[in-house]
Amino acid sequence: VVTLRAELLELVPDEARVSDGVSVLEGHSADLTYHAGRMPDVVVFPTSTEEVAAVLAHANRERVPVVPYGAGSSLEGHVIPVAGGIVLDLSRLDRIVDVRPADLQATVQAGVPRSALNAAAASHGLQFPVDPGADATLGGMAATNASGTTTVRYGGMRAQVLALEVVLADGTVIRPGSRAVKTSAGYDLRGLFVGSEGTLGVITELTLRLYGIPEHTVAVRASFPDVGAACRAAVAMIGSGVMVTRVELLDAETIAAVNEYMDRTYAEAPSLFIEFGGTEAGVAGDLEATREIAGWEGCDSFEFETQQEGRARLWEARHNSFFALAARSPGKASMSTDVAVPLSELPAAVEFARARADARGRNAVIIGHVGDGNFHVALTIDPADPADLEDAKALNDELVEFALARGGTCSGEHGIGLGKIAYLEQEHGDLIPYYRALKRLFDPNGILNPGKILREVR
Ligand SMILES: Cc1cc2nc3c(=O)[nH]c(=O)nc-3n(C[C@H](O)[C@H](O)[C@H](O)COP(=O)(O)OP(=O)(O)OC[C@H]3O[C@@H](n4cnc5c(N)ncnc54)[C@H](O)[C@@H]3O)c2cc1C
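So, how was this worked out
Residues numbered from 1 in each chain as written. Predicted model: local features only at pLDDT ≥ 70, side-chain atom pairs only at ≥ 80, totals over all residues. Heavy atoms only, no water. Helix = DSSP H or I, 4+ residues; strand = E, 2+ residues; numbered from the N terminus. Expected span 1.5 Å × (residues − 1). Buried < 20%, exposed > 50% of the residue type's maximum accessible area, 1.4 Å probe, protein only. Contact = heavy atoms within 4.5 Å. Pairing = 2+ DSSP bridges. Axes fitted to C-alpha atoms, helices over the stretch in contact; angles between N-to-C directions. Salt bridge = Lys/Arg side-chain N within 4 Å of Asp/Glu carboxyl O. Left-handed = near helix turned anticlockwise from the far one by under 90°. Nonpolar A, V, L, I, M, F, W, Y, C, P; charged D, E, K, R; others polar. 1 Å grid on protein atoms, 1.4 Å probe; cavity = no way out; pocket = protein on both sides within 12 Å on 5 of 7 lines; lining within 4 Å. Points joined across faces, edges and corners; volume = space filled by probe spheres on them. Polar contact = N/O pair within 3.5 Å; in protein donor to acceptor, adjacent residues only side chain to side chain. Near = heavy atom within 4 Å. Areas by Shrake-Rupley, 256 points an atom, 1.4 Å probe, with all protein chains shown as cover. Core = buried A, V, L, I, M, F, W, Y, C linked by side-chain atoms within 4.5 Å.

To continue, consider helix α14 (residues 346–359). Given a rise of 1.5 Å per residue, 14 residues ought to cover 20 Å, and the 20 Å separating the end C-alpha atoms of α14 matches this to within 8%. By the burial criterion, the buried members of α14 are Leu346, Pro347, Ala349, Val350, Ala353, Arg354 and Ala357. Close packing links the buried residues of α14 with α9 (227–239), β13 (244–250), α10 (252–262), β17 (364–369), β18 (374–381) and α15 (386–405). Note on α14: the residue one or two positions beyond its end, Gly361, has a positive phi of about 65°.

Take a look at the structure:
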């Protein structure tokens, strides 16, 4: 009997890059969350678009499931090979094809981590702004339409992707988009593949926008009497036209966890971490306007950092909040809610979330990209206690219901994966037949990341 691995070795002739070693399979069987893992049959590490196309064409003929894999940092079971088969680990498609400073663009292979693109862009005084908390790959970030702390100013991945190279399930290579910064040419397939979570095609190359690094940057930490006040201040800042590049909420429990984890002494009160960038005069004006707005909501501490080192310390605390919570609950699994609401609904939504988490007695922290109306309740779950998982899911149900009733969405940035399929149906039940039709069009045999976004359609 010819094994799947032997067949794949014909296409990717390198023993080290077609692996069924237990540790490699285990490393591609789960994500960082509560979702149950499942081993793939084999993991392939392609180094070219041609290899991706050859593997997909073979898998399509043989009806073998294929799960694209970037850095595995997604949070809803996206990368778990629930039907077994091949995990296509794209981390070795890691070439920065070119950086074109005059166009404010770069073209990269899908496995390039965002930190590597930023390092290459920085040598031209440029940056790539989308910064999910993990050092994700740009292909994975496009596939989940990721965003981050700077989305309030620059937009999320869909706003950054100008063009893609995508391999379809049968091995066909297509190139939606162009290097022009705008286009009205035809249906927007580029936008469709962004956020498609590896269910419609495998992204092998991306052309992305870059931005100048602002001349002056100031980071602020402002604390408030309660989460509602902090959210109202954030919404007022956005409405006032102040050019914030970041405005993030950390509630009192998050700050306490960060203090423990990182040995800091921040006041344990709901806080906004804010950043401005621009000219020296512009930033100074924005800072004063923000201080005044914060004052309206009873801000009791407003501290700012102008030096790179101080700013980095502040954002490091923000980026470590997920790990700070995990460190508080060793042996527990994590779950993160991800609703987003219209800005006017944000203060009430966050207050509701805090009240419901407290009423359920949950050890939960709230972290918000509040300038985008998006926040996470990060929960820890006892993997040995099904009732605990049910309770956490019931809390998520309540938050999603609250958000949908106010014109919001079940997922601002993490995506659907396995964990939010029922919420997607609740949010967009009338669209599911069209989603299924698209899936059948691009992946008629249902080999690409089956069971994600949509219930199994094989
Ligand atoms: C601590 C922490 C903080 C986070 N903060 C944020 C945040 O602020 N904002 C945010 O948006 N997310 C956040 N995330 C989630 C995660 O970082 C993002 O979802 C990220 O975009 C995933 O990228 P990845 O390379 O890890 O992709 P993976 O997790 O490997 O894959 C994600 C999905 O994309 C598919 N995929 C991967 N590569 C490709 C490809 N080349 N072609 C087609 N499909 C592909 C996979 O099949 C899967 O469905 C956070 C995660 C962690 C652990």
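Let's shift gears to the sheet that holds strand β3 (residues 66–69). An order of β1-β2-β4-β3 is seen for the four strands of this open sheet, with the pairing classed as mixed. What marks the edges here is a single partner per strand, and that holds for β1 (18–19) and β3. Pairing of strand β2 (residues 42–44) with strand β4 (residues 86–89), which is carried by three bridges, proceeds in the parallel orientation. Following the sheet pairing, Val42 is matched in β4 by Ile86. In the packing of helix α3 (residues 49–62) onto the sheet, the strands contacted are β2, β3 and β4, and the crossing angle to β4 comes to about 165°.

The next subject is the pairing of β4. Side chains Ile86 and Leu88 project from β4 onto one buried face, and the interleaved Val87 and Asp89 project onto a second face that is buried too. Across four bridges, β3 lies against β4 in parallel orientation. Its bridge partner being in β4, Pro68 is matched across the sheet by Leu88.

It is worth spelling out the pattern of salt bridges at this point. Applying the stated criterion across every chain yields a total of 27 salt bridges. Measuring nitrogen to oxygen at the nearest pair gives 3.0 Å for the salt bridge that ties Asp14 to Arg17. With relative accessibility at 9%, the residue Arg17 sits in the buried group. Ionic pairing is found between Glu248 and Arg318, a salt bridge with its closest N-O pair at 2.7 Å. Of this pair, Glu248 sits in strand β13 while Arg318 is found in helix α12 (residues 308–319), placing the two residues 70 residues apart along the sequence. Here the salt bridges do not stand alone but share partners, grouping Arg356, Arg360, Arg362, Asp388, Asp391 and Glu398 into one network.

Further remarks concern unusual backbone geometry. Of note, the phi angle at Leu104 is positive, near 55°, even though the residue is not glycine. Positionally, Leu104 belongs in the loop between β5 (96–100) and β6 (105–109). Positive phi is not limited to glycine here, since Asp263 has a value of about 55°. When you line up the elements, Asp263 lands in the loop between α10 and β14 (271–278).

Moving on, we get to the packing of helix α1 (residues 4–11) against α3. Remark: α1 packs on α3, axes separated minimally by 9 Å, with the N-to-C direction vectors making an angle of 140°. The handedness of the crossing between α1 and α3 comes out as right-handed. Residues Leu4, Glu7, Leu8 and Leu11 of α1 lie in contact with α3, whose contacting residues are Glu51, Ala54, Val55 and His58. Among the residues making up the contact of α1 with α3, the classes are represented as five nonpolar, one polar and two charged.

Taken in spatial order, the five strands make up an open sheet running β5-β6-β10-β8-β9, and their pairing is antiparallel. Two strands lie at the open edges of the sheet, namely β5 and β9 (173–174), each paired on one side alone. Strand direction decides the pairing type here: β6 and strand β10 (residues 202–209), joined by five bridges, are antiparallel. Of the residues in β10, the one forming a bridge with Gln105 is Arg209. Contacting β8 (161–167), β9 and β10, α3 runs over the sheet at an angle of about 50° to β8. Across the sheet, helix α4 (residues 114–122) lies against β5, β6 and β10, angled at about 40° from β5, the strand it touches most.

The next subject is empty space enclosed by the protein. Per the counting criterion, the structure on display carries three cavities of 30 Å³ or more. One number sums up the size of the second largest cavity: a volume of about 40 Å³. Considering the residues around the second largest cavity, the lining is formed by Phe322, Leu325, Ala326, Ser334, Met335, Ala378, Leu379 and Thr380. Contributions of two or more residues to the lining of the second largest cavity are made by α13 (321–328), β16 (333–336) and β18. Residue composition of the lining of the second largest cavity, by class: six nonpolar, two polar and no charged.

Glancing now at the side chain of Thr151. Within the secondary structure layout, Thr151 lies in helix α6 (residues 151–154). Overall, the relative accessible area of 14% leaves Thr151 in the buried class. In terms of polar contacts, Thr151 uses its side chain to reach the backbone amide nitrogen of Gly148, at 2.9 Å. Once residues within four sequence positions are removed from consideration, Thr151 is found in contact with Gly156 and Asp372.

Attention now moves to the environment of Trp315. Along the chain, the position of Trp315 falls in helix α12. Contact partners of Trp315, with chain neighbours within four places excluded, come to Thr149, Ala219, Arg246, Glu248, Phe273, Ile274 and Glu275.

In the vicinity of the ligand there are 36 residues, among which Pro68, Gly70, Ser73, Ser74 and Thr137 approach most closely. Between Ser147 and the ligand, the recorded distance is 2.8 Å, taken from a backbone N or O atom to a nitrogen atom. A distance of 3.0 Å separates an oxygen atom of the ligand from a polar backbone atom of Glu197. Contact with the protein chains removes 97% of the 970 Å² of surface that the ligand exposes when unbound. Elements with a minimum of two residues in the shell around the ligand: β3, α5 (138–143), β10 and α13. Ranked by the residues each element gives to the shell around the ligand, the list is headed by α5, at four residues. Looking at the shell around the ligand residue by residue, the classes come out as 18 nonpolar, 16 polar and two charged.

With that settled, the discussion passes to the nonpolar core. In globular proteins that are soluble, nonpolar side chains generally tend to be buried together. Ranked by internal contacts, the top residues of the largest apolar core, which has 54 residues, are Leu272, Phe276, Phe375 and Val377. Top element by residues in this core is α9. It accounts for seven residues. Leaving out residues up to four positions away in the same chain, Leu272 has contacts with Val220, Arg221, Ala222, Phe224, Ala230, Ala233, Ala234, Met237, Val247, Glu248, Leu249 and Val370. Among the nonpolar cores identified, the runner-up in size contains 28 residues, and Ala106, Phe128, Leu138 and Ala142 belong to it.

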